[in-house]
Each structure stands twice: as structure tokens, then as C-alpha cells.
Amino acid sequence: MKTFAPLLHSYWYLFRGAGMTVLMAVAAVVPATLLGVLLALTQIFGSRASRSAVVGYIFIIRGIPLLVLLTFVYYLLPLTGMDLPPFWGVVLVLACYYAAFMSEAFRAGILSLPQAQWDAAKSLGMRRHLMLRIIIFPQALRLAAPPFVNLCINLIKATSLVSIVGLWELTMASREVVERTLAPFQIFVAAAGIYFCICYALALYGRYLERRVLVDH
Amino acid sequence: MLDMSGIVKRFGTHEVLRGVSLRVARGETVVVIGPSGSGKTTLLRCVNLLEDYQQGTVRVDGEPIGYTLDRNDQRQRMTEPEIAAAREKVGIVFQSYNLFPHMTVLQNIAVAPIRVRGIPRPKAEQRARDLLAMVGLSDKVDAYPARLSGGQQQRVAIARALAMDPKIMLFDEVTSALDPELVGEVLAAMRQLARDGMTMIVVTHEMSFARDVADRVVFMDGGVIVEEGAPEEMFTSPRSERVRQFLKRYNDRYRL
């Protein structure tokens, strides 16, 4: 206890960093999900050209480490003359990056529904958008939920990389505290604990959703 | 009522349907029999364009479904909304039931009338209850499909198709996936429908059903209609050797 007690004040600083981490993750998850759905739909229903474009995009994103992408955009963005605050620049990169993976999760969910469900919906005179909304998505979402939650957890952990481009969040806050206190063990154990709690809570919530809301009847 | 003419369907170079024409009169029950792979199911799926076909046209009450002919007799594919609208006229029941697993029995039946035809919810749900009573499942209104037996699911599927007030009902081997004990309840529902004057095409291996209920039996093999006629004639004195052979093999198998 002795080793941790003098640092209590610093922990408060870490929690503020954690708040920033969560804020950044939420800000990125929302557009990533929307873009992911859009990419998945394009890949399934789009024209040949748009399908190839999406496939190309996913391949490129999959082949580049996030850290490289973040650094690249950090240096590139000012050159384009876009006056984007660093926070939103990072959110943009995270969203575009994770959208590629999410689209694969959604696509798998949609495609793993049996053709018979489409047939049944079509035979009742449903048009495509209605069919997707009330027959396909509710079922596909249930199938895509586990990999989706997994990607959200990955995204939260990936926010730790943004300290490299100077954004302040939990990891950056930890490093600052360590520089002041010279107590890396106590501080990084705490930081790891906070990351774990956030991710674990999300995983539990995902489980809850799967069981209660998206239950297989 | 239904007029299919010259339907040709290819999977690659393999011709599954080789120019099939079939007319069904209002209130008539046509039973299609034949060996597996003869194109029976494919023919049924062509009626409402679940399966695309390369030649021929389908009309219900004179209205084309899927393809129209232009002035030069060239086939023009209808637009997706037109096709969707045309499909409302045709009810189909599948071998594997294909109920929506995330909806209750009542929702399964009422969803299309409400969302596609715009019928007010209370009215659509009342009609769904009436249909459920007709197929003997009034106590399953709020159950989810997974809680039902195959026979019950199939009767719900029949009610779901009927809820759209189709002009014609198609049955695609609807008892093939069922335990023998459950076949009877589904066939009973279909018998009732036929008696009530529904126009029906039934693809089946249930020969006794064909014999009892059909107004006309159609035998398909190799993508063509080999023979058609009244059930008595077809089952006792078929004209073609192929039909005789098929029925003999069938009888041998089921004589036990």
C-alpha cells in the first residue's frame, strides 16, 4: 500500500486521461460503424466498380499498421490545408481504419443468413430496403455482434497509440505522471487496470446484449 | 389464371427447364410429380421470379410477372418495384418453411400485409389470428418459430402466404422435410384450401395426396412435361413408359 498511497493524487489525473480515451473511442466507433455498414452493403449490392473500390480499400487498410497510418495523416493533413483539430484528425483515422474491419463483420453476418430468408421475404412482395430493414438486418446483427464487440474493444486499446501524435489520453497521461513521479510500475499497473476495466465492461455488456436483446428464439 | 409459356432455364450450359408451358385455371389444383432433378421446384420458383429464366413468359390473370413483351416480342425485365408488386399475387410455401426466426408467429403472418400492403395493424393481426385458427394453431400466436414442430411451422408458413390474399398458391415439396407423423396435418390444411377453391400448384412426392386432391397431375422429367392428365388416368393407365416406370418404382418402395 505504501508504494501506491503517495500516488493517489496522480491517479485522479489518470482517470481524466481515461475519460478522454473513452470520449475518443465513442467518437470513433459511431462513424466507424456507420461507414462499416455502408461498405458492407456496397460490397454486397454495389456495382462492379464500387465493389472493387471497397475491396481495394479494405485490402489497403488491412495491410497498413494503424501507427503508421496515424503518423502519416499527422504529417500529411497540414499539407492538404485542412484545418482539422488533432482530436478529430485522430478520430477520422480510427473511424476509417476500423470501418474496414467492421464492414467485414457485417458482411459476414449478412451473407451467413440462408438464401431461404431472402426468398421468403421476396415472395411476400417486399422490396429490397424493407427486406433488409426488417428481415435481414435484425438477424445479421445478431450474427455480427460478437466480432463487432471484439472490434470495439480493439479500437479502445488502439487509442493508446495516438499519444505518438501528441494527443492526450490515458497512455499519454500515464507517461507524464511517470516522468514526474519516477514510479512506472505503480502508474502503468493502474493504467493497464483502467484499460482492462473499460474493455471488460464492454465485453460484459456485449454478452448481455447477445443474451437478452438479440436472443435466438 | 396462371399461364406459363415456353419457360427455358439454364444453369450455365445445363438446361433445367427446356421450354415448359403450363396453364392453371381458376380454382384448379395442379399437382406436379416427377423424379428429383426433373425441374419441378425450379418451375415453381420461376413463377414469381425467385429463379430467373432465359426464355418464356409468366402471366397471372393476364398480367405479366417478371418479363413483359415489347412490340417486337422482345422480353423486357420489369423493374424491381414492379416485380415486388407482382409477387404479392403469388403465395409460395417452401420445403424448409423459411419462417422469420426473430418474429413471433403472429408477426410472421402480419408483417407483410402491414408493411407491404399497408393494411392497418389491428386488421392485419385479426386476419392473422383467423388464418391461424384455420390451420389449427390459435394457441401459438405469440410463440417463436423455433418453439414449433416442423408441421406447425409449415402450417404457419401456409397462413403467412395466405395473409397476402394471393391469387394462386405454390407448394414446393412442403412435406418432404417433415417427420411422417406430421405430414398429415399439413396435407389436411392444403386439402381444405383446395376445397375452398384456391388455385394451387403442388409439387410433391405424396402420391395419395395427388390422387385425392389434384384436378390434374403433371409429370415432369428432364426439364419437360412428359405427360399430364386426370389423376385417375395418370395413376392407373399412364400413356408414357417413363411415367409407368416412375410409378412402379414408387409403388415398389412404399408397398413395404
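Quick caveat: nothing in here was measured; it's all calculated off a predicted structure.

K.L.:
Whenever I open this one, the overall build of chain B confuses me. Can you help?
P.N.:
Helix and strand counts for chain B come out as nine helices and 12 strands. The C-alpha atoms of chain B give 19 Å as radius of gyration, which agrees with the globular expectation for 256 residues (18 Å, within 12%). Projected onto its principal axes, the C-alpha coordinates of chain B cover approximately 55 × 55 × 30 Å. Across chain B, contacts joining residues at least 24 apart in sequence account for 64% of those joining residues at least 6 apart. For chain B, the accessible surface area stands at approximately 11,400 Å², while carbon and sulfur atoms represent 45% of it.

K.L.:
Any chance you could explain the pairing of strand 1 (residues 2-11) of chain B here in plain terms?
P.N.:
Residues and elements named next belong to chain B. Two elements, strand 1 and strand 2 (residues 14-24), share eight bridges in a ladder whose sense is antiparallel. Residue pairing in the sheet places Val8 in a bridge with Arg18 of strand 2. Where strand 1 folds back onto strand 2 in an antiparallel hairpin, the turn is made up of two residues, including Gly12, whose phi is positive at roughly 65°. One ladder, built from five bridges, connects strand 1 with strand 4 (residues 55-60); its direction is antiparallel. Note on strand 4: the bridge partner recorded for Leu2 is Val60.

K.L.:
Hey, could you run me through the sheet that holds strand 8 (residues 90-93) of chain B in this one?
P.N.:
Picture the strands of a sheet paired through backbone hydrogen bonds; they go either parallel or antiparallel. All names here are of chain B. One open sheet accounts for six strands, arranged 8-9-10-3-11-12; its pairing is mixed. Of all the strands in the sheet, just strand 8 and strand 12 (224-229) have a single pairing partner and so form its edges. On average, each strand axis in the sheet is tilted by 20° relative to the strand beside it, whichever way the strands run. Pairing of strand 8 with strand 9 (residues 168-172), which is carried by four bridges, proceeds in the parallel orientation. Its bridge partner being in strand 9, Val93 is matched across the sheet by Phe171. Where helix 5 (residues 150-162) meets the sheet, its contacts fall on strand 8 and strand 9, and the angle it forms with strand 8 comes to roughly 170°.

K.L.:
Would you take a moment to explain the packing of helix 4 (residues 121-134) of chain B against helix 5 of chain B for this structure?
P.N.:
All names here are of chain B. Following both chains from N to C, one finds helix 4 and helix 5 inclined at 140°, their axes separated by 9 Å at the closest point. Our classification of the angle between helix 4 and helix 5 gives oblique. Here helix 4 runs over helix 5; the crossing is right-handed. Here helix 4 contributes Arg127, Leu131, Leu132 and Met134 to the contact with helix 5, which in turn contributes Val156, Ala159 and Leu162. Looking at the contact of helix 4 with helix 5, its residues break down into six nonpolar, no polar and one charged.

K.L.:
What's the story with the side chain of Thr33 of chain A in this structure? I'm lost.
P.N.:
Residues and elements named next belong to chain A. Within the fold, Thr33 resides in helix 1 (residues 8-45). When its relative accessible area of 18% is taken as the criterion, Thr33 is described as buried. Those residues within four positions of Thr33 in sequence are excluded, and the remaining contacts are Met102, Phe106 and Phe148.

K.L.:
What is the right way to read the pattern of salt bridges from this model?
P.N.:
Pairing is possible between side chains that carry opposite charge, provided their charged atoms lie close to one another. Under the counting rule described, the total for this entry stands at 24 salt bridges over all chains. Here Arg62 of chain A ties to Glu104 of chain A by a salt bridge, and the two come within 3.9 Å at their closest N and O atoms. Highlighted residues: Arg62 of chain A in helix 2 (residues 48-63) and Glu104 of chain A in helix 4 (residues 86-111), separated in sequence by 42 residues. Residue class for Arg62 of chain A comes out partly exposed when judged on its relative accessible area of 42%. Judged by its relative accessible area of 22%, Glu104 of chain A falls in the partly exposed class. Glu15 of chain B is paired through a salt bridge with Arg10 of chain B; the nearest N and O atoms lie 3.4 Å apart.

Reading the values: rules and limits
Residues numbered from 1 in each chain as written. Chains lettered and ligands numbered in written order. Predicted model: local features only at pLDDT ≥ 70, side-chain atom pairs only at ≥ 80, totals over all residues. Heavy atoms only, no water. Helix = DSSP H or I, 4+ residues; strand = E, 2+ residues; numbered from the N terminus. Rg over C-alpha atoms; globule rule 2.2 N^0.38 Å. Contact = heavy atoms within 4.5 Å. Areas by Shrake-Rupley, 256 points an atom, 1.4 Å probe, with all protein chains shown as cover. Pairing = 2+ DSSP bridges. Axes fitted to C-alpha atoms, helices over the stretch in contact; angles between N-to-C directions. Parallel < 35°, antiparallel > 145°, perpendicular 65-115°, else oblique. Left-handed = near helix turned anticlockwise from the far one by under 90°. Nonpolar A, V, L, I, M, F, W, Y, C, P; charged D, E, K, R; others polar. Buried < 20%, exposed > 50% of the residue type's maximum accessible area, 1.4 Å probe, protein only. Salt bridge = Lys/Arg side-chain N within 4 Å of Asp/Glu carboxyl O.

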